[in-house]
Amino acid sequence: MTALSQTVEEQKKKIASIKKSNSYIYAEVTTTDQQQAIDLATDLLHKNVNEWAAKQKKFAGSNKIVTMNTNYTVEQMTMPRANMYRAFMYVKKSDVIPAENVEVRDTPTEVSTASTSKPKVAKVTPISNSNRDEIISQLLSVANTGQLSTNLKELKKKGKILEYDNLRGLKDKNLSEYIMVVFNKDGIVEAILSEGENRINLQSGSFDQLTNYKGRGAIGVKVSK
Amino acid sequence: MKKIILCSVMLMLATVSVKAIDVTLTTDEGYNNPVMVQKLQNNLAALLTEINAAYQQKRDLNLGNLPLHTPKEGEPDVKDELATLWDMTHFQCDDDEVVDRLWPMRDGTFYVRQIPMILDPDGEVVKESKFQEVTVSFDRNGNISEFRFALDAQVSESMEKCGNVANVERRTKILGFVERFRTAYCRKDINFMNKIFSDDALILTGTVVQSRPNDMGQSGSKVVYNRQNKQQYLANLRRAFARNKYIEVKFEVLEGECGVTQSQNNPNVYGVRLRQEWRSSNYSDDGYVFLLWDFRDEENPEIKVRTWQPTYVGSRNSGKKLDKEDIFGIDDVEEMIQ
């Protein structure tokens, strides 16, 4: 049954059955702005997938996790949810598979709404090896440069990262080998970008690049192999 | 693997037949107490079914037979909370089948946080149907201990991303108290405000003042601050509660922030900085709120400082917003009280 032909009540029932099932990971957000609901639910879904994957034994030792065939279903319900929009996104657990050395290619998140349906969109989310996972997890929890400094010192001391430096210090280095932590003039961390020529914003899971953050500072972090 | 137990409570209602709400609470792997989950589902289903019955029958909530927590001295009374909220606005659960994640806390209590409600449009207090998620807490015995409006998804998700600022348990507490604080405005709960503000609380409120036009006819504007103590603030709040039939407070996090910062001086002190929309019967404003929370007594935290600054310096039409660096943060505020 397509989303188009579904009534609101049928969609509610479908969402309830997915939430009750053990086979899915989901995220649900209701806000006044449809795009904001989609964005927040997408972020939350990635977080939930990563949390679930981190607990699965089959991913231990895997260098990357690929989230495939992620269904994104956005339900727009002005009447039942008053003037707000409900975004419900889910992925089948069996579609979250471990993979080695996958070339990271991201496609724009496509969503289905009450009027359109776009299931089975391939979505690739890199997570990397366990050391890198740990470092990224730690970096994602950092809110400002004060905390960043403390964390990096500790990681360097433990040998988990090879080096870190600001952009000036990395002038002659291959920047694509460094995770970039971007912060504003108040020292608030704004983004964490993966290594690579085509960087991924590790908070949103979308393509992103340093040039999108003009006027900000950045610290490059090189992970130990 | 999540453990799922389905509960269907068919309450026999004395008068009009109202559809009973089905509640399913999902739990994470590792939580294995199906008897308790069943009880929580039953209790929540009973409350939601009663809310919908009262809504449809346009009557007061009948709370007498519901499994509500009996408060000890000093604890909030969920019966009062529900009754006063119901006095402000009626609401009903939007789904016949509620499926939500159950969060068991380390202290043996539980909560669920995404119960979908629609607030009643009565033409005066609430002009249109409004969606509002509700958070429900349960005591160790599974009785309902708290019912409050949840913060918007944007705020709660951002606060969850604060990471090292506070551990999960503490973040949940902070989130819960900010929700209670917000709901207290909606319920006009002066007793909660009296309890939550420290006796020596510092309250700063910014006001935009226009300077007199100069010879060229040009005038400027600036923000000046009025300092109040707790009693002065509460007296003003009492007047605002009395003047307004309804008060609605909405919080949002500032762009690029998670909303919570931890004090460098005391790890049990946190700053919460949010954008606030205040809407009431006869007054509205937009501004930035900073709250300094002291969590040294974790069950009874206090607000040591509250600051409010207007979003716009000058008229809204001028479009000149307060510079971000001028918005109070934990460093500025801690300096004030040292």
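Caption draft 1: How the structure looks around the environment of S280(B). Here S280(B) shows up in strand 13 (residues 269–280). Sequence-wise, S280(B) and I247(B) are 33 residues apart; in three dimensions their C-alpha atoms are separated by 4.3 Å.

Caption draft 2: Region of interest: the interface of chain B and chain A. If you look at the interface, chain B gives 28 residues, while chain A gives 27 residues. Those elements that provide at least two residues to the side of chain B that touches chain A are strand 2 (22–27), strand 4 (97–101), strand 6 (110–119), strand 7 (130–138) and helix 3 (153–160) of chain B. Its residues assigned to classes, the side of chain B that touches chain A comprises 9 nonpolar, 8 polar and 11 charged.

Caption draft 3: Representation of helix 1 (residues 8–20) of chain A. Residue and element names in this part refer to chain A. With 13 residues, helix 1 extends 18 Å from end C-alpha to end C-alpha; this agrees with the ideal 18 Å at 1.5 Å per step. Looking only at helix 1, the buried set comprises Q11, K12, I15 and K19. What you see down the axis of helix 1 is that its buried residues fit within an arc of 100°, all on one side. Residues of helix 1 that are exposed and point more than 90 degrees away from the buried face comprise E9, E10 and S17.

Caption draft 4: A look at the confidence of the model for chain B. Residues and elements named next belong to chain B. When pLDDT is averaged across chain B, the result is 85; 86% of the residues are at 70 or more. Looking over chain B, one finds the lowest element-wise mean pLDDT in strand 1 (residues 3–8), namely 47, and the highest in helix 1 (residues 34–56), namely 96. Note that residues 5–15 has pLDDT below 50 and, in this model, 25 contacts with residues that lie over four places away or in other chains. The ipTM assigned to the predicted complex is 0.74, against a pTM of 0.67.

Caption draft 5: Local environment of the sheet that holds strand 8 (residues 189–193) of chain A. All names here are of chain A. Sheet architecture is open: 4 strands sit in the order 6-9-7-8, paired in antiparallel fashion. Sheet topology places strand 6 (161–166) and strand 8 at the edges, where each strand pairs with a single neighbour. Strand-to-strand twist in this sheet, taken as the mean axis angle between neighbours without regard to direction, amounts to 15°. Here strand 7 (residues 179–183) runs beside strand 8; their pairing, made up of 4 bridges, is antiparallel.

Caption draft 6: Quick look at the packing of helix 3 of chain B against helix 4 (residues 168–187) of chain B. Residue and element names in this part refer to chain B. Running from amino to carboxyl end, helix 3 crosses helix 4 at an angle of 155°, the nearest separation of the two axes being 10 Å. For the element pair helix 3 / helix 4, the angle class is roughly antiparallel. Crossing of helix 3 against helix 4: the hand is right-handed. Of helix 4, the residues touching helix 3 (which contributes S156, M159 and E160) are R171, I174 and L175.

Caption draft 7: Main features of the pairing of strand 6 of chain B. All names here are of chain B. The element strand 6 is extensively covered by neighbouring structure, given that 9 of its 10 residues are classed as buried. For strand 3 (residues 91–93) and strand 6, the ladder comprises 3 bridges, and the chain directions are antiparallel. Of the residues in strand 6, the one forming a bridge with F91 is L119. Taking the residues that link successive antiparallel strands as the turn, the strand 5 (residues 103–104)-strand 6 hairpin has 5 residues, and the phi of G108 there is positive, at about 95°. Strand direction decides the pairing type here: strand 6 and strand 7, joined by 8 bridges, are antiparallel. Each bridged residue has a counterpart across the sheet, and for L119 the counterpart in strand 7 is K130.

Thresholds, definitions, all that
- Residues numbered from 1 in each chain as written.
- Chains lettered and ligands numbered in written order.
- Predicted model: local features only at pLDDT ≥ 70, side-chain atom pairs only at ≥ 80, totals over all residues.
- Helix = DSSP H or I, 4+ residues; strand = E, 2+ residues; numbered from the N terminus.
- Contact = placed C-beta atoms within 7 Å.
- Nonpolar A, V, L, I, M, F, W, Y, C, P; charged D, E, K, R; others polar.
- Expected span 1.5 Å × (residues − 1).
- Buried ≥ 20, exposed ≤ 12 C-beta atoms within 10 Å, placed from the backbone.
- Arc of directions from axis to C-beta.
- pLDDT = per-residue confidence, 0-100.
- Pairing = 2+ DSSP bridges.
- Axes fitted to C-alpha atoms, helices over the stretch in contact; angles between N-to-C directions.
- Parallel < 35°, antiparallel > 145°, perpendicular 65-115°, else oblique.
- Left-handed = near helix turned anticlockwise from the far one by under 90°.

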